[in-house]
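Listed here are the chains, written in short residue letters.
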Amino acid sequence: MSLEKLLGKRAKHDVLNAVGLMLLPAHVIIDEGYIHLLEQHHIHYSEIMLLDDGPDAPTFIPTEVVHEAARYSKDLFDKIKVTKKLPLLEITHELLPLVEQVSSHPDVFQLFESVKAKDEYTHQHNIGVGVLSTLIGKWMKLSEADIAILSMAATMHDVGKILIPDEILLKPGKLTTEEFDEMKRHTTYGYEILKETEGLHPRIPLVALQHHERADGTGYPLKAQEHDLDPFSKIVAVADVFHAMSSKRPYHDPLPFHEVVSRMRKGSFGELDPNVVSVFLKMMITHLVGSKVKLTDGRWGEVVFINPHDDTHPLVKIEDTFLDLSLDRQIHILEVVV
């Protein structure tokens, strides 16, 4: 979707440039002048949430589509476990359109909420990483052909787990060293399964192999360095880490919003690609404007302005008052409410 398709629509929130200058006021009809201004400031269409009153308004509930895709993923993986073959046409025509549909939802935080794993983790994770990677690919302005490859690679990144015993895969507690060593082999198992699939782009098995590698050589299975990693593997690694931190697991609850952002920025899970992390966090935080949030002190508010010099501590409206989180460093965003 290009910016021209926004003509005649109305933005739900103010659109700001990188330094906080308002380019497009909320609720104003977008004309050619605004389109030109947005192009000059390199604003991507996905940064603009539309009012739900036009043909581009969402006509589906993303959570329902995610659950449908996760059920499909489970049936698919069960089939692959028996046949050891990837039904490529079925995935392309049945599963990936669901992933694309969710990744196109205009409300980013509703999208994030829909892909969080809250009960069954494995297949909700497959779909969540597929959706998030596809979204990041769009935000990075990849071509449609590259996004199609990335979407397939991300959705199939954990296919090697079909060869991991359930007592390890579903263990609620911490794995032993031996169990973790076996778990790590899902990367090579997935590579072998995908590499043997006729007609599959060669970058797709690489993502299965590399999505736990880190640029500083601390990842697995090969302790590869930054220059060895496929760019798609770097995107899927970011989506994988974000989804894992945001989801409920048997051994941990979802992390608070501010902690997820902080850990990704600090590289707490090993060195993620800084460019991918930067694009993902910038776009996510841009969508905070107009969102309802719960703060760590228990209060509720609405984000009204992002400080370009301290973007994780925005200005929040609480009833009739304003709280500048950049001045009160003890209070953070606990969660974004959808």
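Throughout, residues of each chain are indexed from 1 in the direction in which the sequence is written. With pLDDT at 70 or above as the cut-off, local features in this predicted model cover only qualifying residues; side-chain atom pairs require 80 or more to be listed or tallied, and sums for whole chains, interfaces and linings still use all residues. No hydrogens and no water enter the side-chain calculation; it runs on all heavy atoms of the structure.

Taking an unreviewed UniProt entry as the reference, the protein chain is identified by name as HD-GYP domain-containing protein belonging to Cohnella silvisoli.

**Re the overall build of the protein chain**
The helix count covers DSSP runs of H or I at least four residues long, the strand count covers runs of E at least two residues long, and both are numbered beginning at the N terminus. Counting its regular elements, the protein chain contains 13 helices and seven strands. With C-alpha atoms as the basis for the radius of gyration, the globule rule is written as 2.2 Å multiplied by the number of residues raised to the power 0.38. Here the protein chain has a C-alpha radius of gyration of 20 Å; the compact-globule value for 338 residues is 20 Å, and the two agree. When its C-alpha atoms are laid out on the principal axes, the protein chain stretches across 55 × 45 × 40 Å. Within the protein chain, the proportion of its 338 residues that are buried is 50%. Long-range contacts, defined here as pairs at least 24 residues apart, represent 60% of the contacts in the protein chain between residues at least 6 apart. As presented, the protein chain carries roughly 16,200 Å² of accessible surface, and 54% of it is formed by carbon and sulfur atoms. Averaging the locations of the 35 positively and 51 negatively charged side chains of the protein chain gives two centres separated by 4 Å. Only protein chains enter the accessibility calculation, which uses a 1.4 Å probe; a residue whose area is less than 20% of its type maximum is buried, one above 50% is exposed, and one in between is partly exposed. In what follows, residue pairs with any heavy atoms lying within 4.5 Å of each other are defined as contacts. Residue exposure ignores everything except the shown protein chains as possible cover, and the areas themselves are Shrake-Rupley values with a 1.4 Å probe. Charge convention: Lys and Arg are scored as positive, Asp and Glu as negative, and His as well as the terminal groups of each chain are ignored. Every charge is mapped to an atom, namely NZ of Lys, CZ of Arg, CG of Asp or CD of Glu.

**A word on the side chain of Ser-103**
Tracing the sequence through the fold places Ser-103 in helix H3 (residues 88–103). Pairs of N or O atoms within 3.5 Å make up the polar contacts considered here, provided that, within protein, one atom can donate a hydrogen while the other can accept it, and that residues adjacent in sequence are counted only when both atoms are side-chain atoms. Within polar-contact distance, the side chain of Ser-103 engages the side chain of Lys-138 at 3.0 Å. Setting aside its immediate chain neighbours within four residues, Ser-103 contacts Leu-111, Val-131, Thr-134, Leu-135 and Lys-138.

**Describing the pattern of salt bridges**
Salt bridges are defined by distance alone: a side-chain nitrogen of Lys or Arg within 4 Å of a carboxyl oxygen of Asp or Glu. In this structure the tally under the stated criterion is 17 salt bridges. Here Arg-263 and Glu-259 are joined by a salt bridge, their closest N and O atoms 2.7 Å apart. Taken together, the residues Arg-263 and Glu-259, both in helix H12 (residues 257–266) and four residues apart, mark about one turn of the helix. Looking at Arg-263, the relative accessible area reads 29%, which means it is partly exposed. Given the relative accessible area of 25%, Glu-259 is considered partly exposed. Of the charged contacts, one joins Arg-329 and Asp-310 as a salt bridge, the two residues approaching to 2.4 Å between their closest N and O atoms. On the criterion of sequence distance, the pair formed by Arg-329 in the loop between strand S6 (321–324) and strand S7 (333–337) and Asp-310 in the loop between strand S4 (300–305) and strand S5 (315–318) is long-range, its members being 19 residues apart. For Asp-310, a relative accessible area of 18% translates into the label buried. By sharing partners, the salt bridges in this structure join Glu-226, Lys-234 and Asp-273 into a single network.

**Side note on the sheet that holds S6**
The strand order across the open sheet formed by five strands is S6-S5-S4-S3-S7, and the pairing between neighbours is antiparallel. Either end of the sheet is taken by a strand with one partner, and the two such strands are S6 and S7. When strand polarity is set aside, the average angle formed by the axes of neighbouring strands in this sheet is 40 degrees. Both strand S3 (residues 292–295) and S7 contribute to a ladder of four bridges, which runs antiparallel. The partner of Val-293 across the bridge, within S7, is Val-336. Two strands pair under a simple rule: DSSP has to find at least two bridges between them. Fitted lines through C-alpha atoms serve as axes, helices being fitted only where they are in contact, and the angles separating the N-to-C directions of these axes extend from 0 to 180 degrees.

**Thoughts on the packing of helix H9 (residues 186–195) against helix H10 (residues 203–210)**
It is at 7 Å that the axes of H9 and H10 come closest, and there the two elements cross at 170 degrees. By the angle between their axes, H9 is roughly antiparallel relative to H10. Residues Thr-187, Thr-188, Gly-190, Tyr-191, Leu-194 and Lys-195 of H9 form the contact with H10, whose own contacting residues are Ile-204, Pro-205, Leu-206, Ala-208 and Leu-209. Here roughly perpendicular refers to angles of 65 to 115 degrees, roughly parallel to angles under 35, roughly antiparallel to angles over 145, and oblique to all remaining angles.

**What about unusual backbone geometry?**
Along the chain, Tyr-220 connects to Pro-221 via a cis peptide bond; the corresponding omega equals 15 degrees. By secondary structure assignment, the location of Pro-221 is in the loop between H10 and helix H11 (231–246). Positive phi outside glycine occurs at His-42, with the angle close to 55 degrees. Along the chain, His-42 turns up in the loop between helix H1 (32–40) and helix H2 (62–83). Of note, the phi angle at Lys-84 is positive, near 60 degrees, even though the residue is not glycine.

**Some words on the pairing of S4**
Sheet topology note: the S3/S4 ladder contains three bridges and is antiparallel. Residue pairing in the sheet places Lys-294 in a bridge with Trp-300 of S4. What sits between S3 and S4 in their antiparallel hairpin is a turn of four residues, with Gly-298 showing a positive phi close to 95 degrees. For S4 and S5, the ladder comprises three bridges, and the chain directions are antiparallel.

**A closer look at the nonpolar core**
Nonpolar core, defined: a set of buried Ala, Val, Leu, Ile, Met, Phe, Trp, Tyr and Cys residues in which side-chain atoms within 4.5 Å join the residues together. Counting 75 residues, the largest nonpolar core has Phe-112, Met-156, Phe-280, Met-284, Leu-288 and Ile-333 as the members making the most contacts within it. Broken down by element, the residue count for this core peaks at nine residues, all from H11. What Leu-288 contacts, discounting residues up to four positions off in sequence, is Phe-109, Phe-257, Val-293, Val-303, Ile-306, Ile-333 and Val-336. Counting residues in each nonpolar core, the second largest holds twelve residues, with Ala-11, Leu-23, Ile-35 and Leu-38 among its members.

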